[in-house]
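In case you want the letters, here they are:
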Amino acid sequence: MGEFGDTVDPEDIDRFAAQSASWWDPRGSFRPLHQINPVRIDIVRRELLAHFQRDTRSFSPFTGLRLADIGCGGGLIAEPMTRIGFMVTGLDADAQAIATARDHAAASGLVIDYRVADIDSLVRADERFDVVLALEILEHVADRDAFLSALGALIRPGGALIGATLNRTARSFALAIVGAEYVLGWLPRGTHDWRRFVRPSEFVLGLRRAGLQTTRLAGLGYDWRSGGWSESDDLSVNYMLVAVRR
């Protein structure tokens, strides 16, 4: 076990750390995350408004609720979650990403509890959250079963998990690796290992073992003509999942 436990892959952390200065550059290494962010945020907000029965007209409907953003990187999701009322804890094993996230939050006047840590540290501290986000992190962890078990342990009764990852299909290999990394150069080569992509059935089963019930699956599709992302019924490449603890 390394510094951050069994779920963290040190090589992956080093790979992302080399790009940490680019987190908030919409034309830099994290351009795909900037592009997909609006549809991800829309799904997260909509699903959680319904789950917690909050006022859809409010600018900060989630005031009083605690949220953990696991693998928060430079804070691309943590900041908008803070703006809509959540008390956010952002967690990442990449110290450089957390430094970037802290600086950007301070410049934006936002108070976010950023920590250089892994998910196991939250479990060991017996911390609990109303919402846990695990967006584009599952395909990077070293031990998927341990990670999913930890996710389940963090969620309070009545709480919710929202995850986003890549399906392990021939289409995802062609688009997310060959296309995005080698042909178009959207991502540095080696960003993803197709063998770690996660089929929806694997995700759902792992969460069920952790005590969470999946309530929704949604695909994310890219329109090559408009250059934009949108929600779809196609789960073959990118998809999101909502699960709850009853």
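In what follows, the structure referred to is the one given above.
One structure accompanies this document, and this report is about it. (Residues numbered from 1 in each chain as written. Predicted model: local features only at pLDDT ≥ 70, side-chain atom pairs only at ≥ 80, totals over all residues. Heavy atoms only, no water.)

### Examining a nonpolar patch on the surface
Inference 1: Together, Phe-173, Leu-175, Val-178, Tyr-182, Val-183, Leu-184 and Trp-224 line one region of the surface with nonpolar side chains, adding up to about 660 Å² of accessible area.
Inference 2: Relative to the assigned elements, Tyr-182 resides in helix 7 (residues 170-183). (Patch = residues over 30% accessible without salt bridge, like charges linked within 9 Å, V, L, I, M, F, W, Y side chains within 5 Å. Areas by Shrake-Rupley, 256 points an atom, 1.4 Å probe, with all protein chains shown as cover. Salt bridge = Lys/Arg side-chain N within 4 Å of Asp/Glu carboxyl O. Helix = DSSP H or I, 4+ residues; strand = E, 2+ residues; numbered from the N terminus.)

### Notes on the pattern of salt bridges
Inference 1: All chains considered together, the criterion is met by 18 salt bridges.
Inference 2: Between Arg-57 and Asp-55 there is a salt bridge; the shortest N-O distance is 3.2 Å.
Inference 3: We classify Arg-57 as exposed; its relative accessible area is 72%.
Inference 4: Asp-55 sits in the partly exposed class, given a relative accessible area of 36%.
Inference 5: Glu-127 is the salt-bridge partner of Arg-115, the closest N and O atoms lying 2.6 Å from each other. Of this pair, Arg-115 sits in strand 3 (residues 113-116) while Glu-127 is found in the loop between helix 5 (119-124) and strand 4 (129-135), placing the two residues 12 residues apart along the sequence.
Inference 6: Take Glu-127: its relative accessible area is 13%, and that puts it in the buried class.
Inference 7: Through salt bridges with shared partners, one network takes in Asp-42, Arg-46, Glu-47, Arg-216 and Glu-231. (Buried < 20%, exposed > 50% of the residue type's maximum accessible area, 1.4 Å probe, protein only.)

Interpretation in functional terms is not warranted from these geometric data alone.
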